[in-house]
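# Structural overview
Residues per chain are reported as follows:
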Amino acid sequence: MIPRVTKGGRSFKGAFQYYLHDKEASTQERVAWTQAENMRTDDPQKAWKIMAFTAKENERLKEASGQVKTGNKLQKPVFTFSLSWHPEQDPSKEHMLYMARKGIAMLNMAEHEAMIVAHQDTPHPHVHIIANKVHPITGLTADVGNSWTKFSDWAREYEREHGKVYC
């Protein structure tokens, strides 16, 4: 399994537009399935709006939950990463979901809003995870520093457990 962390961004709408549509098209043929986490909807068109609202209201959420409202204003609430398997591997949807959720939990973001998107446009199975760095109840921002190192160590252990190291 190969994890990839992107540099993140400012726009949930832009991230959803990219991951939920075919490249340079409005079709969705490359999307195999989606799964919303910690949201009251499974509809991706509503999910990005919920995530954007949560990020926009992080100061109000902090105040309502009794958190200290210190620190810099959050500029990039969108956190994305992907998990890819070798073309020889054939993980089930359940396994891909399980590993995506483990990746989210490894970053201490298990309670955060997220959308898991599986693509079927390449020979290698893979999922993309779009997560909100803002906690939906406390308004606190997840610390995703050193996430690449954490993912690298986690993936190495995963490959050892599954009997073959691909990278």
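Up top is the structure these notes are about.
The present account deals with the structure reproduced in this document. (Residues numbered from 1 in each chain as written. Predicted model: local features only at pLDDT ≥ 70, side-chain atom pairs only at ≥ 80, totals over all residues. Heavy atoms only, no water.)

Attention now moves to the side chain of Ser 147. As for its position among the elements, Ser 147 is in helix 5 (residues 147-161). When its relative accessible area of 5% is taken as the criterion, Ser 147 is described as buried. A polar contact of 3.1 Å, which involves the side chain of Ser 147, links it to the backbone oxygen of Val 144. When neighbours within four sequence positions are excluded, Ser 147 is seen to be in contact with Val 5, Phe 79 and Leu 107. (Helix = DSSP H or I, 4+ residues; strand = E, 2+ residues; numbered from the N terminus. Buried < 20%, exposed > 50% of the residue type's maximum accessible area, 1.4 Å probe, protein only. Polar contact = N/O pair within 3.5 Å; in protein donor to acceptor, adjacent residues only side chain to side chain. Contact = heavy atoms within 4.5 Å.)

Contact geometry for helix 4 (residues 93-106) and helix 5: axes closest at 11 Å, N-to-C directions at 140°. Taken together, the axis directions place helix 4 and helix 5 in an arrangement best described as oblique. Judged by the sense of rotation from one axis to the other, the crossing of helix 4 with helix 5 is right-handed. On the side of helix 4, the interface is formed by His 95, Met 99, Lys 102, Gly 103 and Met 106, while helix 5 contributes Lys 150, Phe 151, Trp 154 and Tyr 158. Broken down by class, the residue content of the contact of helix 4 with helix 5 amounts to five nonpolar, two polar and two charged. (Axes fitted to C-alpha atoms, helices over the stretch in contact; angles between N-to-C directions. Parallel < 35°, antiparallel > 145°, perpendicular 65-115°, else oblique. Left-handed = near helix turned anticlockwise from the far one by under 90°. Nonpolar A, V, L, I, M, F, W, Y, C, P; charged D, E, K, R; others polar.)

Here the focus is helix 1 (residues 12-19). Of the residues making up helix 1, those classed as buried are Phe 12, Ala 15, Phe 16 and Tyr 19. Down the axis of helix 1, the buried set is contained in an arc of 95°. They therefore lie on one face. Elements in contact with the buried residues of helix 1: strand 2 (31-37), helix 2 (44-56), strand 3 (78-84), strand 4 (114-119) and strand 5 (126-132). For helix 1, the N-terminal cap is Ser 11; the gap from its side-chain oxygen to the backbone nitrogen of Lys 13 is 3.4 Å. (Arc of directions from axis to C-beta.)

Spatial relationships are all this shows, so hold off on functional conclusions.
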